[in-house]
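Okay, here's what each chain looks like letter by letter:
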Amino acid sequence: MNMSEPRHFLRGEMQEHVDMSRHVSWRAGGQVERLYQAADLADLAVFMQTLPQNEPLTTVGLGSNLLVRDSGLRGTVLLTHGALTELRLEADGTLYVQAGVPGAKLARFAAMHNLIGAEFCAGIPGTVGGMLAMNAGCYGSETWSHVVRVQVLTRSGELVERTPQDYAIAYRSVQRVDDDGEPFPLPTDELFVGAWLRFESGDGEASRQAIKALLEKRVASQPIGTPNAGSVFRNPEGDYAARLIESCGLKGHQLGGAQVSPKHANFIVNVGGATAADIEGLIERVQAEVEAKTGIHLHPEVRIIGEHKNHG
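It should be emphasised that the depicted structure is a prediction, and the values quoted were computed from it without experimental measurement. (Residues numbered from 1 in each chain as written. Predicted model: local features only at pLDDT ≥ 70, side-chain atom pairs only at ≥ 80, totals over all residues. Heavy atoms only, no water.)

Caption draft 1: Representation of empty space enclosed by the protein within the structure. Considering all chains together, one arrives at 1 cavity of 30 Å³ or more under this definition. For the largest cavity, the calculated volume is near 40 Å³. What lines the largest cavity is Ala38, Leu44, Leu78, Leu79, Thr80, Ala83, Leu84 and Leu191. The class makeup of the residues in the lining of the largest cavity is 7 nonpolar, 1 polar and no charged. (1 Å grid on protein atoms, 1.4 Å probe; cavity = no way out; pocket = protein on both sides within 12 Å on 5 of 7 lines; lining within 4 Å. Points joined across faces, edges and corners; volume = space filled by probe spheres on them. Nonpolar A, V, L, I, M, F, W, Y, C, P; charged D, E, K, R; others polar.)

Caption draft 2: Up close: unusual backbone geometry. Phi is positive for asparagine 114, which is not a glycine, with a value near 55°. Mapped onto the elements, asparagine 114 comes out in the loop between helix H2 (103-112) and strand S8 (115-116). Judged by its relative accessible area of 40%, asparagine 114 falls in the partly exposed class. For asparagine 135, which is not glycine, the phi torsion reads 50° and is therefore positive. With respect to the helices and strands, asparagine 135 occurs in the loop between helix H3 (128-134) and strand S9 (137-138). Accessibility expressed as a relative area gives 0% for asparagine 135, which makes it buried. (Helix = DSSP H or I, 4+ residues; strand = E, 2+ residues; numbered from the N terminus. Buried < 20%, exposed > 50% of the residue type's maximum accessible area, 1.4 Å probe, protein only.)

Caption draft 3: Region of interest: the environment of isoleucine 116. Residue position: isoleucine 116 is located in strand S8. For isoleucine 116 and glutamate 205, which are 89 residues apart along the polypeptide, the C-alpha to C-alpha distance reads 9.7 Å. If we skip the residues at most four places from it in the chain, isoleucine 116 touches Phe199, Glu200, Ser201, Gly202, Asp203 and Ser207. (Contact = heavy atoms within 4.5 Å.)

Caption draft 4: The layout of surface pockets, seen in detail. Here the second largest pocket is characterised by a volume of approximately 290 Å³. Together, 18 residues line the second largest pocket, and Leu62, Ser64, Pro125, Gly126 and Arg218 are the ones closest to its centre. For the lining of the second largest pocket, the secondary-structure elements that each account for two or more residues are H2 and helix H4 (204-221). The residue makeup of the lining of the second largest pocket, split by class, is 10 nonpolar, 7 polar and 1 charged.

Caption draft 5: Representation of the packing of H2 against H4 within the structure. The interhelical angle for the contact between H2 and H4, taken along N-to-C directions, is 155°, at an axis separation of 8 Å. Here H2 is positioned roughly antiparallel relative to H4, judged by the angle of their axes. Mapping the contact onto sequence places Ala107, Arg108, Ala111 and Met112 in H2 and Gly204, Ser207, Arg208 and Ile211 in H4. Looking at the contact of H2 with H4, its residues break down into 4 nonpolar, 2 polar and 2 charged. (Axes fitted to C-alpha atoms, helices over the stretch in contact; angles between N-to-C directions. Parallel < 35°, antiparallel > 145°, perpendicular 65-115°, else oblique.)

Caption draft 6: Just helix H1 (residues 41-50), in detail. Here H1 lies mainly inside the structure; 7 of its 10 residues are buried. Leu41, Asp43, Leu44, Ala45, Phe47, Met48 and Thr50 are the residues of H1 that are buried.

Caption draft 7: Structural detail: H2. Taken across its 10 residues, H2 has 7 buried, putting it largely inside the fold. Every buried residue belonging to H2 is among Gly103, Ala104, Leu106, Ala107, Phe109, Ala110 and Ala111, and all of these are buried. Structurally, H2 contributes buried residues whose contacts are with strand S6 (87-89), strand S7 (95-98), S8, H3, strand S16 (190-197) and H4. Looking one or two residues beyond H2, the residue adopting positive phi is asparagine 114, at roughly 55°.

The structure is reproduced here in structure tokens:
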């Protein structure tokens, strides 16, 4: 990729051969060929115009639901955290929030403006971009329940607004729909950069107390102090992944530096020196054991990307 011509238009920072372990919460994984930290949304739009159409592109916020395989990742990673940070209350009462804003910051901002219903966002260890892409949620609430419209950026640098009617929304799943209403995977040539969200007016102080209680519950029940990616598996209908994993005797099970957390069985933690292969191998082992003993196949919530090593 030749960046020499348009570079003087760009205000962000380009790095090459970057260890993604620095940018994912598991603190494991291989290198990406290029990494771009945009200055803001306008800068990102200009950058998108410089990309060759065949350049693989990956968007990363806090890297909290992501694993990059040890052999690395081709193309360019875009960092939204620290770039897409705008958060404001609109005249119509909606909140405009850009994709790099952490869920906890969104929850606190809503409470500060006496809006209720955003408390669950504090329990999501990622940014709004990731929350939109996977319909993230916890404690019975989900992101897209509050979406009025979204803002996407295309590979040509064009900003487009879409409504929930343009998407098929389900549990931890977001797809686009075509003109006939048929769902298809989110296009790789555009990315979520912002959204307008609506929450009810209410008691901001009560909301702040609810956020505090939720965060205390997270600390008490989840391995917050050890590198992890949040919940690894989706909850199967009518059950909990953690319960199934624990019932199979896998709590504390270890592969290399990766361990099924003794504190919460739906978390895999890096107890020191874990490779991406350790983590992915443990994910697959848990899936196999649970399916063999219960007949239930656990589907990962985390994204696993990158090159498979060629053992040939």
